[in-house]
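Given next are the chains, with one letter for each unit.
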Amino acid sequence: MFPSRLILLSLALALAACGGEAPAPADSTAAAPESKPASTEAAGTRLPAPPATVAAIRAEDLGAQIQILASDEFAGRQPGGPGERKTVGYLTEEFKRLGLKPGNGDSYAQSVDMVEIVSEARGPVTITYADGSSDSLAIGEDAVIQTLREDPVAEVSASDMIFVGFGVNAPELDWNDYAGIDVKGKTVVLLVNDPGFETGNDALFRGKAMTYYGRWTYKYEEALRQGAAAALIVHDDAGAAYGWEVVRNGFSGAEFDLPAAADAPQPLAIRGWISSAAAVRIFSKLGHDFPALRKAANQPGFKAVELDARASMAVASRVRHAKSDNVVGVIPGSEHPQEYIIFTAHWDHLGRNFQTPGDGIFNGAIDNAVGVATMLELAEAFARSPTPPKRSLMFLAVTLEESGLLGSKYYVQNPLVPLKDTVATINMDAIQVIGKTRDVVVIGFGNSELEDILKRKAAEQGRIIVPEPTPENGFYYRSDHFNFARAGVPALYIKNGIDHVEKGEAYGRQLASDYVATRYHKPSDEYDPSWDLSGNQQDTELLYAVSRELADGSAWPNWYEGTEFRAEREAMGR
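Residues numbered from 1 in each chain as written. Predicted model: local features only at pLDDT ≥ 70, side-chain atom pairs only at ≥ 80, totals over all residues. Heavy atoms only, no water.

Colleague: An account of the nonpolar core is needed here, citing residue identities and associated values.
Modeller: Formed by 86 residues in total, the largest nonpolar core has its most connected members in Val188, Trp273, Phe343 and Phe395. For this core, the element with the most residues is helix H9 (residues 365-384), which contributes twelve residues. Each residue touching Val188, except ones within four places of it in the same chain, is listed here: Ile162, Val164, Tyr178, Val183, Ala223, Ala228, Ala230, Ala231 and Leu232. Residues Met161, Leu293, Ala309 and Trp559 belong to the second largest nonpolar core, which totals 56 residues. (Core = buried A, V, L, I, M, F, W, Y, C linked by side-chain atoms within 4.5 Å. Buried < 20%, exposed > 50% of the residue type's maximum accessible area, 1.4 Å probe, protein only. Helix = DSSP H or I, 4+ residues; strand = E, 2+ residues; numbered from the N terminus. Contact = heavy atoms within 4.5 Å.)

Colleague: Talk me through the pairing of strand E9 (residues 187-191); I want residue IDs and the actual numbers.
Modeller: Of all five residues in E9, five are buried; the element is thus mostly enclosed. Where burial is concerned, the two faces of E9 agree: the one with Thr187, Val189 and Leu191 and the one with Val188 and Leu190 are both buried. In this sheet, E9 lies alongside strand E6 (residues 153-163) in parallel orientation, the contact comprising three bridges. The residue bridging Ile162 from the neighbouring strand is Val188, located in E9. Crossover handedness for the path E9 to helix H4 (residues 216-225) to strand E10 (residues 230-234): right-handed. (Pairing = 2+ DSSP bridges. Right-handed = clockwise from strand over helix to strand, strands pointing away.)

Colleague: Could you give an account of helix H11 (residues 450-460), naming the residues involved and the relevant values?
Modeller: Within H11 the residues assigned to the buried category are Leu450, Glu451, Ile453, Leu454, Lys457 and Ala458. All buried residues of H11 project into a common sector of 155° when viewed along the axis, lining one side. Of the residues in H11, the exposed ones pointing more than 90 degrees away from the buried face are Lys455, Ala459 and Glu460. The inward-facing, buried residues of H11 contact strand E16 (422-427), strand E17 (439-442), strand E18 (464-467), strand E19 (491-496) and helix H14 (534-552). Phi for Gly462, located one or two positions after H11, is positive at around 75°. (Arc of directions from axis to C-beta.)

Colleague: Before we move on, can you summarise the packing of aromatic side chains with the specific residues and values?
Modeller: Tallying each qualifying case throughout the model produces 26 aromatic pairs. Pairing Phe343 with Phe382 gives two aromatic rings, centres 6.3 Å apart and planes at 50°, and the pair type is tilted. Of the two residues, Phe343 is situated in strand E14 (residues 336-346) and Phe382 in helix H9; the sequence distance between them amounts to 39 residues. With relative accessibility at 0%, the residue Phe343 sits in the buried group. Residue placement shows Arg391 over the ring face of Trp556; its charged tip is 5.1 Å from the ring centre. Its end group placed over the ring of Tyr212, Arg486 keeps NZ or CZ at 5.0 Å from the ring centre. (Phe/Tyr/Trp six-rings, centres within 6.5 Å; stacked < 30°, edge-to-face > 60°. Lys NZ or Arg CZ within 6 Å of the ring centre and 35° of its normal.)

Colleague: Give a detailed account of the environment of Ala297, specifying residues and quantitative values.
Modeller: The topology assignment puts Ala297 in the loop between helix H8 (290-296) and strand E13 (305-331). Judged by its relative accessible area of 0%, Ala297 falls in the buried class. The sequence separation of Ala297 and Leu190 amounts to 107 residues, and the corresponding C-alpha distance is 9.6 Å. If sequence neighbours within four positions are ignored, Ala297 has contacts with Gly165, Phe166, Trp175, Leu191 and Phe302.

Colleague: Any chance you could break down the pattern of salt bridges for me, citing the residues and the numbers?
Modeller: Pairing is possible between side chains that carry opposite charge, provided their charged atoms lie close to one another. Taken as a whole and judged by the stated rule, the model has 27 salt bridges. Between Arg294 and Glu198 there is a salt bridge; the shortest N-O distance is 2.3 Å. Of this pair, Arg294 sits in helix H8 while Glu198 sits in the loop between E9 and H4, and the two are 96 residues apart along the sequence. A network of salt bridges, in which partner residues are shared, links Asp135, Asp142, Arg281 and Lys285. (Salt bridge = Lys/Arg side-chain N within 4 Å of Asp/Glu carboxyl O.)

Colleague: Go over the packing of H11 against H14 with me, naming the residues and quoting the values.
Modeller: Where H11 contacts H14, the axes come no closer than 9 Å and their chain directions differ by 125°. Relative to H14, the element H11 is oriented oblique. Pair H11 / H14 crosses with right-handed handedness. Taking contact as the criterion, the partners of Leu450, Ile453, Leu454, Arg456, Lys457 and Ala458 in H11 are, on H14, Leu542, Ala545, Val546, Glu549 and Leu550. Grouping the amino acids of the contact of H11 with H14 by side-chain chemistry returns eight nonpolar, no polar and three charged. (Axes fitted to C-alpha atoms, helices over the stretch in contact; angles between N-to-C directions. Parallel < 35°, antiparallel > 145°, perpendicular 65-115°, else oblique. Left-handed = near helix turned anticlockwise from the far one by under 90°. Nonpolar A, V, L, I, M, F, W, Y, C, P; charged D, E, K, R; others polar.)

Written out as C-alpha cells, the structure is:
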C-alpha cells in the first residue's frame, strides 16, 4: 500500500497540474474537482470522464504523471512483480478516467506469455590456453553471462573459441563473417556494432549509422543460427553507445523471453559480454594484436580467426512461467473506425537490484515514464476534444521492452486490429528533458512519408526536423516501433531537439551526453522537480498535430522508396 503521505502528495501534485483545488472537507456538499489518481489504490474509485472541451497539453500535467510513474512506490516497474501490478493498475484506471474503451474486447489488458529467468554465474569465466595456463574473468568486472535456456544449469566446458569479427551474415551486402568456418558447439567472440562504424566508410553497410546487424540482439540470433554454443560480445563504450555499467546492470537480475515454439532450437547455452580490457589481455596471451584484428574486421573479406584457447562457464537459473500485460485503450473513430493509428510507449523498466548501491530502484523517469506520460497527455487531448477523430486511435503501453522489445513483438505477432488496417505507429521512448528547441530529432531519419507531415507541423512551431546526431548508436532498432516497422507498418519516432532556443546546440548535446553517462539504466534516472518540461510540452503538441492530421485524413503514408520496410507494406495491399 502507498503511505498516506505519498497518496496526498501525489494527489496534490496531480490537482495542481490539472488546475484543480484541494478536495472539499468531508462534511461539505461541494463537489470535489477532477484529479489524476496517484496510485492504483487512489484510483480505486472511478472518476468522472473528462469534460467535452479541448484539453491543453501542459508541462505541469506531464510532470505530475512522470513523478507518479517514476516514484519508488512503483519499484522500477519490473514485469512480473508488484511493480507491474501497480503500473498496469494505474494505467488501466487512467484509461478509464479518460473515457478510453477497452482495446482487447472488454479488457484493457493484452496478456503476454513470458518466461522469467534469473541466472547466476557459477564462478568466473575461465579461459584455458594451450600451455595449460588459464585466465579467470571476474563476473561483473571482466564479464557478464546469462542464459535464456530453461535448464537449472547451463554451461559450456572447454569450448573452442573463435573470433568472428562483427558476427554478421548479410548476403545482400556480400558479407559473411562466418564464411569458411564451423562454429557448431563452440564459443564465438565478436564485436559490437557493425563493419564501417570505426572507419566511417559509407561504402560499408551505412558507414557510421548502425544497421540492425550492429545490435547485440542480432549477434546472439546469428550465433545461434550458426550453431554456436556460446557468444561473448566485446564491449566498448563507443560501439555500444553506453558504458560497461549499463551492460552489467542489464545482464543482472531477471531476464525475460517469450516462450519458444515447440520446434524452435534451444537458445545459446551462454550469452554474455566481456570488457575490452579482458579481450586485449586474452588476445595478447594468444599472440594476437587485438586492435589490429579489430581493424581487420572492418574490411571486406575478413576471415574468422580460430583462437588457441577454450572457454568454460556456467550459470544456474531459476525459471518461472508467467504473464505480463500490454495495456490497451481505444478511442473509436467516428467515420472510419476500422482504420487505426497506434501510439506506443513501454511502461516497463529494470525493477530493483539489491546488489546496486543505494536503494537499488531503477526508477526509469526518462526511460520511460516520460514516454508513458506523453502518451497519456495525447490520449487526454483527444478524449477531451469536442470533435472525435475520424479514424480510431489505439494507445498501447507495452511491456518487456527492456528485455528485447518483447511486448511489442507479441502484439505484432498477435495484433488486436489487422496490421493492414494500421495507418501508422507513433512511438514515445526516452524523450529527454531539455527545454524548448529549434529542431526536432527524427530517429531513423529518411525512412517514411510520416516525416512529410512532421516537417510541416514542426514548421508551424517554427522548428525544423533533423537526423539523429548519433546514428551509430542504432536507436532505430532499440525501441518498440521497430517491430511494427519490420512488419511493414510506417513508424515515427522522435526525440527532443538538441538546439536549445536560448542556450544553443552545445547545451543540448551536453545534456544528452550527461544522461547516457550518469543516468541511463541506472538508479539515478529519477524525476527532478526542477526539470524544464516546456520542450516536452512542445513535442507532445507536435505529435498531437501530426496524429490529428492522420486521424482526420484519408492518406496512407508509406515508406520512402528504397527503404528496407516498403516491400512488407506494399504486400499488405496498401
